[in-house]
Amino acid sequence: MKSITTLDLQYAHRFYGFKGEAQYLHGHTGILTLEVEDTVNMGVNMVFPCNEIKKTAWEVLQNFDHALVLREDDPLLPAILSVYEKQGIKNGAPTNKQKGPAFKTDFATAYPECRLVVTKESMTVEGMIKIVYDLLKDKLNIVKFTFTSGVNGATEEYKAHKERARCPLCGIMLNENGVCPKCGYRA
Ligand SMILES: [Zn+2]
Ligand SMILES: [Zn+2]
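What you are looking at is a predicted structure, and each value in this text was computed from that prediction instead of being measured.

About the criteria used
- Residues numbered from 1 in each chain as written.
- Chains lettered and ligands numbered in written order.
- Predicted model: local features only at pLDDT ≥ 70, side-chain atom pairs only at ≥ 80, totals over all residues.
- Heavy atoms only, no water.
- Donors = N, O, S within 2.8 Å, 3.2 Å for Na, K, Ca; no water.
- Buried < 20%, exposed > 50% of the residue type's maximum accessible area, 1.4 Å probe, protein only.
- Salt bridge = Lys/Arg side-chain N within 4 Å of Asp/Glu carboxyl O.
- Helix = DSSP H or I, 4+ residues; strand = E, 2+ residues; numbered from the N terminus.
- Core = buried A, V, L, I, M, F, W, Y, C linked by side-chain atoms within 4.5 Å.
- Contact = heavy atoms within 4.5 Å.
- Phe/Tyr/Trp six-rings, centres within 6.5 Å; stacked < 30°, edge-to-face > 60°.
- Pairing = 2+ DSSP bridges.
- Axes fitted to C-alpha atoms, helices over the stretch in contact; angles between N-to-C directions.
- Expected span 1.5 Å × (residues − 1).
- Arc of directions from axis to C-beta.
- Left-handed = near helix turned anticlockwise from the far one by under 90°.
- Nonpolar A, V, L, I, M, F, W, Y, C, P; charged D, E, K, R; others polar.

Asker: What am I meant to see in the coordination of the zinc ion (ligand 2) here?
Answerer: Under perfect tetrahedral coordination by four donors, a metal shows angles of 109.5 degrees; under perfect octahedral coordination by six donors, it shows angles of 90 or 180 degrees. Coordination of the zinc ion (ligand 2) by the protein is provided by Cys167 (SG), Cys170 (SG), Cys180 (SG) and Cys183 (SG), with metal-donor distances spanning 2.2 to 2.3 Å. In primary-sequence terms, the residues that donate to the zinc ion (ligand 2) follow C-x2-C-x9-C-x2-C. The pair formed by Cys167 and Cys170 is uniform in burial state, with each residue classed as buried.

Asker: Help me out: how do you make sense of the pattern of salt bridges in this one?
Answerer: Opposite charge on two side chains allows them to pair when their charged atoms are near. Overall, the coordinates contain 11 salt bridges when judged by the stated rule. Between Glu52 and Lys55 there is a salt bridge, with its nearest N and O atoms 3.7 Å apart. In this pair, Glu52 and Lys55 are both assigned in helix 1 (residues 50-61), 3 residues apart and thus about one turn of the helix distant. Using a relative accessible area of 8% as the deciding quantity, one classes Glu52 as buried.

Asker: Could you clarify how one ought to interpret the nonpolar core in this entry?
Answerer: Within soluble globular proteins, side chains that are nonpolar tend to cluster in buried spots. If you look at the biggest cluster of nonpolar residues, it comprises 39 residues, and the most contacted ones within it are Leu34, Leu61, Phe64, Leu136 and Phe145. Among the elements of the structure, strand 1 (2-13), strand 2 (26-37), helix 1, strand 4 (108-111), helix 3 (125-136) and strand 6 (142-149) are those that each provide at least two residues to this core. Not counting residues up to four positions away in its chain, the partners in contact with Phe64 are Leu9, Gln10, Tyr11, Val69, Phe103, Val117, Met123, Met128, Ile131 and Leu135. If you look at the next biggest cluster of nonpolar residues, it comprises 7 residues, including Leu68, Cys114, Leu116 and Val118.

Asker: Would you explain the coordination of the zinc ion (ligand 1) in this entry?
Answerer: Within the protein, the zinc ion (ligand 1) binds to His13 (NE2), His26 (NE2) and His28 (NE2); these donor distances fall in the range 2.0 Å. Sequence positions of the donors to the zinc ion (ligand 1) reduce to the motif H-x12-H-x1-H. Of the two residues, His13 sits in strand 1 while His26 sits in strand 2, which places them 13 residues apart along the sequence.

Asker: Can you walk me through the packing of aromatic side chains in this structure?
Answerer: Under the definition given, this model contains 6 aromatic pairs. A network of ring pairs unites the aromatic residues Tyr133, Phe145 and Tyr158 as a single cluster.

Asker: What is the right way to read the pairing of strand 4 from this model?
Answerer: Along a regular strand, successive side chains alternate from one face of the sheet to the other. Here 4 bridges tie strand 4 to strand 5 (residues 116-119), and the two strands are oriented antiparallel to one another. Residue pairing across strands places Tyr111 opposite Leu116, the latter belonging to strand 5. Connecting strand 4 to the antiparallel partner strand 5 that follows it, the hairpin turn spans 4 residues, and Arg115 within it adopts a positive phi of roughly 50°.

Asker: For this particular structure, what's the right way to read the sheet that holds strand 1?
Answerer: As a general point, the strands of a sheet are linked pairwise by backbone hydrogen bonds and lie either parallel or antiparallel. In space, the 7 strands of this open sheet follow the order 4-5-3-1-2-6-7, with mixed pairing throughout. Each edge of the open sheet is held by one strand with a lone partner, namely strand 4 and strand 7 (152-157). Pairwise comparison of adjacent strand axes, ignoring direction, gives a mean angle of 25° for this sheet. Sheet strands touched by helix 1: strand 1 and strand 2. Its angle to strand 1, the strand with the most contacts, is close to 25°.

Asker: So what exactly am I meant to see when it comes to helix 1 here?
Answerer: Note: α-helices contain 3.6 residues per turn, so residues at a spacing of three or four share the same orientation. Spanning 12 residues, helix 1 covers 16 Å between terminal C-alpha atoms, matching the ideal 16 Å at 1.5 Å per step. Among the residues of helix 1, those classed as buried are Glu52, Ile53, Ala57, Val60 and Leu61. End-on view of helix 1: buried residues confined to an arc of 165°, all on one side of the axis. Counted as exposed and oriented over 90 degrees from the buried face of helix 1: Asn51 and Lys55.

Asker: Sorry, what's going on with the environment of Cys114 here?
Answerer: With respect to the secondary-structure elements, Cys114 resides in the loop between strand 4 and strand 5. The class for Cys114 is buried, based on a relative accessible area of 9%. Put simply, Cys114 and Gln98 are 16 residues apart on the chain and 11 Å apart in space, counted from C-alpha to C-alpha. Once residues within four sequence positions are removed from consideration, Cys114 is found in contact with Leu81, Tyr84, Ile89, Lys90 and Asn96.

Asker: Can you help me understand the packing of helix 1 against helix 3 in this one?
Answerer: When two helices pack together, their arrangement is captured by the angle between the axes and the distance separating the axes. Following both chains from N to C, one finds helix 1 and helix 3 inclined at 115°, their axes separated by 10 Å at the closest point. At the point where helix 1 passes helix 3, the crossing takes the right-handed sense. Together, Thr56, Ala57, Val60 and Leu61 of helix 1 and Val132, Leu135 and Leu136 of helix 3 make up the contact between the two elements. Residues of the contact of helix 1 with helix 3, tallied by class, amount to 6 nonpolar, 1 polar and no charged.

Keep in mind these values describe shape, not function.
Right under this line is the structure:
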């Protein structure tokens, strides 16, 4: 069975070098649907609690929310950073609180202090799925991602990992020592 949850992200981007309106900076509400598959955990009668899927995903994905996403070769990147620098907000601001841990993968680097994500490829809906799967594949048993942004959408399916041990009391994944990181249950 699958547990399914969604989260939404407000972001700005553009497709540098693209011959169309999208070469201009613009914004979206993107909706990411995550599908996690496993057996039903008899203790809680769930595959995985959706609020926990959301929490795990949001930890990294909040770096894309109210963020600017630009490709690494986009000349807007140094231009914007220089404005942020002059304004004194490049390395953070007291009101910039919603930050996940900085990350760097083959596909993207997050700079939470200035709400910027620099990507290797243009951040299309397809590109976003590649970035996000890479960030979350080891944390959740993801079998499908769907990302929509306005009228654009993309979806990708993945092979499920083998069954993972979950806490019979709160449903979240046990750590490598067989202990529930939330309630302390031991297998
Ligand atoms: Zn767009
Ligand atoms: Zn537990």
